[in-house]
Amino acid sequence: MKPDIIALCNQKGGVGKTTCALNIAAGLTRLGKKVLLVDFDPQAHLTYSLGIVAHDLQKTVYSVIKGLVPLEEALLEHSGMSVLPANIDLAQMENEKAAFPEGEFTLKNKLAGIRDKEYILIDCPPSTGFITVNALACSREIYIPLQMEFLALKGMGRLMNRIEEVQKSFNKNLKISGIIPTRFDARKKLNNAIMDSIRERFGDKVFSTVIRENIVVAEAPSFGQTIFEYAPRSHGAEDFLSLCEEIVKKK
Ligand SMILES: Nc1ncnc2c1ncn2[C@@H]1O[C@H](COP(=O)(O)OP(=O)(O)OP(=O)(O)O)[C@@H](O)[C@H]1O
Ligand SMILES: [Mg+2]
């Protein structure tokens, strides 16, 4: 089977890309899906969040894209899902574009042979540079986590333009299939107002499921656990599972 490749993308920092990538992957795994999680951010937050000491790793996504090790050798396992970890080495990619003869298709070519996964989720860095474009060039779908805050919509125009450029130049099949409202707090009037305007502007591109602000979601990574391991009966676990049910239904 050909996996559905999904990039978690938003050039705005701290909006929930990594949290969503991790817990969507864990939720899909709970629903019986075979999932590969790719950390494609030099910050390596995803890798650290799974309790993996990223800075000690010799084999990472960077060594794979450089052609130094085969993909299978760099993969790690966490609670039934496969993880392609990152560390700070990946930062070099942004500055050494010329060293990648396959250019924007470098990651795509490395993931091309994977047939034993139904979903590949790629956690992008908070930028729209060469690393992110590589992730978008190999993806079929983009999920955009968005917080319902005053400035949330400000970066959306720029992000949409960048996505359009990638669609034209590298990947005509790419589509934005999901805006994920994150860290939602219904008690905040502004959250509700912005939620309404986002649904108005983006329509059915916005997932019905809303990820609520929930302290255990933020705590789980410090224990190297997903929300389903750390707090399986929390609002966070409930929201991510319902999001995953929506994702599976949409396919
Ligand atoms: N639903 C939630 N409830 C509470 N805290 C959350 C929730 N989602 C994310 N957070 C917290 O918000 C912060 C930012 O989240 P995260 O690291 O996932 O964002 P990001 O977009 O990946 O950031 P970066 O752009 O730096 O990669 C983290 O401390 C995370 O634990
Ligand atoms: Mg992140």
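The structure this text deals with has already been given above.
We now turn to the structure provided with this report. (Residues numbered from 1 in each chain as written. Chains lettered and ligands numbered in written order. Predicted model: local features only at pLDDT ≥ 70, side-chain atom pairs only at ≥ 80, totals over all residues.)

Side note on the overall build of the protein
- Looking only at helices and strands, the protein features 12 helices and seven strands.
- Against the 2.2 N^0.38 benchmark of 18 Å for 251 residues, the protein shows a C-alpha radius of gyration of 17 Å, consistent with a compact globule.
- A principal-axis box enclosing the C-alpha atoms of the protein has dimensions of 50 × 40 × 30 Å.
- When burial is assessed residue by residue, the protein has 45% of its 251 residues classed as buried.
- Counting only contacts in the protein whose residues sit at least 6 apart along the sequence, the fraction spanning at least 24 positions is 77%. (Helix = DSSP H or I, 4+ residues; strand = E, 2+ residues; numbered from the N terminus. Rg over C-alpha atoms; globule rule 2.2 N^0.38 Å. Buried ≥ 20, exposed ≤ 12 C-beta atoms within 10 Å, placed from the backbone. Contact = placed C-beta atoms within 7 Å.)

Some remarks on the environment of Ile 5
- Checked against the element boundaries, Ile 5 lands in strand β1 (residues 4-8).
- Ignoring any residue separated from it by four or fewer positions in sequence, one finds Ile 5 in contact with Leu 111, Ile 120, Ile 122, Cys 138, Ser 139 and Arg 140.

Focus on the nonpolar core
- Counting 69 residues, the largest nonpolar core has Leu 37, Leu 121 and Ile 122 as its most contacted members.
- Ranked by residues supplied to this core, first place goes to helix α1 (residues 17-30) with seven residues.
- Leaving out residues up to four positions away in the same chain, Ile 122 has contacts with Ile 5, Ile 6, Ala 7, Leu 8, Val 38, Phe 40, Ala 135 and Ser 139. (Core = buried A, V, L, I, M, F, W, Y, C linked by C-beta atoms within 7 Å.)

Focus on the sheet that holds strand β7 (residues 175-182)
- On the basis of which strands lie adjacent, the open sheet formed by seven strands has the order β3-β4-β2-β5-β1-β6-β7 and mixed pairing. Single-partner strands in this sheet number two, and they are β3 (76-78) and β7. Averaged over all pairs of adjacent strands, the angle between their axes in this sheet comes to 25°, without regard to strand direction.
- With respect to the sheet, α1 is in contact with β1, β2 (35-39), β4 (81-84), β5 (119-123), β6 (141-147) and β7, its orientation differing from that of β5 by roughly 165°. (Pairing = 2+ DSSP bridges. Axes fitted to C-alpha atoms, helices over the stretch in contact; angles between N-to-C directions.)

Digging into unusual backbone geometry
- The backbone phi angle of Ala 44 is positive, close to 55°, even though this residue is not glycine.
- Ala 44 gets classed as buried once you count the C-beta atoms within 10 Å, which come to 26.
- Positive phi, normally seen in glycine, also occurs at Ser 79, with a value near 45°.
- Positionally, Ser 79 belongs in the loop between β3 and β4.

Side note on helix α9 (residues 189-202)
- In this model α9 runs 20 Å from its N-terminal to its C-terminal C-alpha over 14 residues, within 8% of the 20 Å that 1.5 Å per residue would give.
- Remark: Gly 203 follows α9 within two positions and exhibits a positive phi of approximately 55°. (Expected span 1.5 Å × (residues − 1).)

Notes on the site of ligand 1
- What surrounds ligand 1 is a group of 19 residues, the closest being Lys 17, Thr 18, Thr 19, Pro 126 and Ala 218.
- For the shell around ligand 1, the secondary-structure elements that each account for two or more residues are α1 and α10 (215-219).
- In terms of residues, the shell around ligand 1 owes the most to one element, α1, which gives three residues.
- Residue classes in the shell around ligand 1 are distributed as five nonpolar, 10 polar and four charged. (Near = placed C-beta within 6 Å. Nonpolar A, V, L, I, M, F, W, Y, C, P; charged D, E, K, R; others polar.)

Considering the packing of α1 against helix α12 (residues 235-250)
- The N-to-C vectors of α1 and α12 enclose an angle of 70°; their axes lie 9 Å apart at closest approach. The angle between the axes of α1 and α12 places the two elements in the roughly perpendicular class. When you trace α1 past α12, the crossing you get is right-handed. Only Phe 240, Leu 241, Leu 243, Cys 244 and Ile 247 of α12 make contact with α1, whose side of the interface consists of Asn 23, Ile 24, Gly 27, Leu 28 and Arg 30.
- When the residues that make up the contact of α1 with α12 are grouped by side-chain class, the tally is seven nonpolar, two polar and one charged. (Parallel < 35°, antiparallel > 145°, perpendicular 65-115°, else oblique. Left-handed = near helix turned anticlockwise from the far one by under 90°.)

Some remarks on the pairing of β5
- Judged by how many residues are buried, β5 sits mostly within the fold: five of five residues are covered.
- Alternating residues of β5 divide into Tyr 119, Leu 121 and Asp 123 and Ile 120 and Ile 122, and every residue in both groups is buried.
- Here β1 pairs with β5 via five bridges, running parallel. Across the sheet, the residue bridging to Ile 5 is Ile 120, located in β5.
- Bridge count for β2 against β5 is five bridges, and the pairing is parallel. Looking at the pairing, Asp 39 lines up with Asp 123 of β5.

Concerning the pairing of β7
- Strand direction decides the pairing type here: β6 and β7, joined by seven bridges, are parallel. Each bridged residue has a counterpart across the sheet, and for Ile 144 the counterpart in β7 is Ile 179.

All quantities given are derived from atomic positions and should not be read as evidence of function.
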